[in-house]
Amino acid sequence: KAGVTQTPRYLIKTRGQQVTLSCSPISGHRSVSWYQQTPGQGLQFLFEYFSETQRNKGNFPGRFSGRQFSNSRSEMNVSTLELGDSALYLCASSLTVSGNTIYFGEGSWLTVV
Amino acid sequence: EDKVVQSPLSLVVHEGDTVTLNCSYEVTNFRSLLWYKQEKKAPTFLFMLTSSGIEKKSGRLSSILDKKELFSILNITATQTGDSAIYLCAAPDAGNMLTFGGGTRLMVKP
């Protein structure tokens with residue numbers, strides 16, 4: 001059974017550009033969450049989606065957005081990139097909205113120059 | 001606001017040693033606590049604990065939860081260099097939003 005798949009794995013963007021990251025959850029999982037990990041701030045929650053609906057959003061500016069499709073795949077977008085957006089972006093999937101194990105993908109390493 | 005605190009921040013041991021990592025939490029509507037191992041990539045799931053006093057075990061790793069005192073420990077016996085990693089504990093809210101601790105960086109020397 002395939003795990004959580006994230007693409008692209010590595011990318012370099014310039015300040016002011018935008019980026020879209022993709023996540024395919026484990027087959028059958030309908031809950032997808034996104035996290036940002038930086039050395040200074042650790043792992044911070046971005047958003048959570050279930051059945052194409054955003055259930056929760058972390059304390060990030062409006063430049064960070066996401067969505068989930070009917071096949072449970074999810075994308076997150078960051079517009080007007082800033083140097084501080086350089087981070088590992090992790091996607092996590094779970095079977096339902098609560099009470100189940102949460103599994104992480106390999107992450108997308110974003111560098112903003 | 002939910003809070004998860006891990007200690008120690010970092011730990012250096014030699015192969016064969018036993019280590020104990022600590023995780024305390026203050027979570028509204030506590031349901032479970034999860035432990036992950038992270039080695040330069042995605043966090044790998046280790047354990048999910050929901051009941052107090054029940055030990056979860058996998059090989060040399062084990063974990064226990066104390067819901068009264070609001071903490072969990074992760075034990076690793078007979079440590080190996082491959083155990084070197086950051087160990088994270090996290091607690092979900094009523095949904096799947098995880099609040100993570102800062103992690104414990106474990107280095108196992110040969």
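The preceding data block contains the structure.
Basis of the calculations
Residues numbered from 1 in each chain as written. Chains lettered and ligands numbered in written order. Predicted model: local features only at pLDDT ≥ 70, side-chain atom pairs only at ≥ 80, totals over all residues. Heavy atoms only, no water. Helix = DSSP H or I, 4+ residues; strand = E, 2+ residues; numbered from the N terminus. Rg over C-alpha atoms; globule rule 2.2 N^0.38 Å. Buried < 20%, exposed > 50% of the residue type's maximum accessible area, 1.4 Å probe, protein only. Contact = heavy atoms within 4.5 Å. Salt bridge = Lys/Arg side-chain N within 4 Å of Asp/Glu carboxyl O. Pairing = 2+ DSSP bridges. Disulfide = S-S within 2.5 Å. Phe/Tyr/Trp six-rings, centres within 6.5 Å; stacked < 30°, edge-to-face > 60°.

**Q** Whenever I open this one, the overall build of chain B confuses me. Can you help?
**A** Assigned secondary structure in chain B consists of zero helices and 11 strands. For chain B, the sequential pattern of α-helices and β-strands runs β-β-β-β-β-β-β-β-β-β-β. The C-alpha atoms of chain B give a radius of gyration of 13 Å, which matches the 13 Å a tight globule of 110 residues would have. Each principal axis of the C-alpha atoms in chain B carries an extent, and together these give about 40 × 25 × 20 Å. The buried share among the 110 residues of chain B stands at 47%.

**Q** What's the story with the environment of Ser33 of chain A in this structure? I'm lost.
**A** By secondary structure assignment, the location of Ser33 of chain A is in strand S4 (residues 31-38). Note on Ser33 of chain A: relative accessible area 2%, which makes it buried. Taking the C-alpha atoms as reference points, Ser33 of chain A and Gln68 of chain A, separated by 35 residues in sequence, lie 10.0 Å from one another. Apart from residues no more than four positions distant in its own chain, Ser33 of chain A is found in contact with Phe45, Phe47, Glu48, Leu90, Cys91 and Ala92 of chain A together with Asn96 of chain B.

**Q** Sorry, what's going on with the pattern of salt bridges here?
**A** Should the charged atoms of two oppositely charged side chains come close, the side chains can pair. With the rule as written, the count across this model stands at eight salt bridges over all chains. Note that Glu39 of chain B is salt-bridged to Lys37 of chain B, the shortest N-O span being 3.8 Å. A residue is classified by how much of its surface remains accessible, and Lys37 of chain B, at 15% relative accessible area, is buried. A salt bridge links Arg60 of chain B to Asp83 of chain B; the shortest N-O distance between them is 2.8 Å. With Arg60 of chain B in the loop between strand S6 (56-58) and strand S7 (61-66) and Asp83 of chain B in the loop between strand S8 (71-76) and strand S9 (85-92), this pair connects stretches of sequence that are 23 residues apart. Each of Arg63, Glu82 and Asp85 of chain A takes part in one network of salt bridges that share partners.

**Q** Looking at this model, I keep getting lost on the pairing of S9 of chain B. Mind explaining?
**A** Put simply, side chains in a regular strand alternate between the two faces of the sheet. Residues and elements named next belong to chain B. Counting buried positions along S9 gives seven out of eight residues, so the element sits mostly inside the fold. Pairing analysis gives five bridges linking strand S4 (residues 33-38) to S9, with the strands arranged antiparallel. What sits directly across from Lys37, in S9, is Tyr87. The sheet contact formed by S9 and strand S11 (residues 104-109) spans three bridges and is antiparallel. If you follow Ile86 over to S11, its bridge partner there is Arg105. Note: S9 against strand S10 (residues 98-100), three bridges, orientation antiparallel. Along S10, the bridge assignment pairs Ala91 with Thr99. Between S9 and S10, which pair antiparallel one after the other, the connecting turn spans five residues.

**Q** How should the state of the cysteines be read in this particular structure?
**A** What makes a disulfide is a covalent bond joining the sulfur atoms belonging to two cysteines. Considering all chains together, one arrives at two disulfides over all chains under this definition. Between the sulfur of Cys23 of chain A and that of Cys91 of chain A lies a disulfide, 1.8 Å long from S to S. On the sign convention where negative is left-handed, the bridge of Cys23 of chain A and Cys91 of chain A, at about -65 degrees about the S-S bond, is left-handed. Note that Cys23 of chain A is positioned in strand S3 (residues 19-24) and Cys91 of chain A in strand S9 (residues 87-94), a separation of 68 residues in sequence. Here Cys23 of chain B is linked by a disulfide to Cys89 of chain B, with a sulfur-sulfur distance of 1.9 Å. Taking the sign of the S-S torsion, about 80 degrees here, the bridge from Cys23 of chain B to Cys89 of chain B comes out right-handed. Residue Cys23 of chain B is found in strand S3 (residues 19-26), and its partner Cys89 of chain B is found in strand S9; the two are separated by 66 residues along the sequence. Neither residue differs from the other here; Cys23 of chain B and Cys89 of chain B are each classed as buried.

**Q** Explanation requested: the packing of aromatic side chains in the structure shown.
**A** For any two aromatic rings, the description comes down to two numbers: the centre-to-centre distance and the angle of the planes. For the structure on display, the rule yields 11 aromatic pairs over all chains. Ring centres 6.0 Å apart and planes at 75 degrees place the aromatic pair Tyr36 of chain B and Phe45 of chain B in the edge-to-face group. On the accessibility criterion, Tyr36 of chain B (0% relative accessible area) is buried. Each member of the aromatic cluster is reached from another via a ring pair, and the members are Tyr35, Phe45, Tyr103 and Phe104 of chain A together with Tyr36, Phe45 and Phe100 of chain B.

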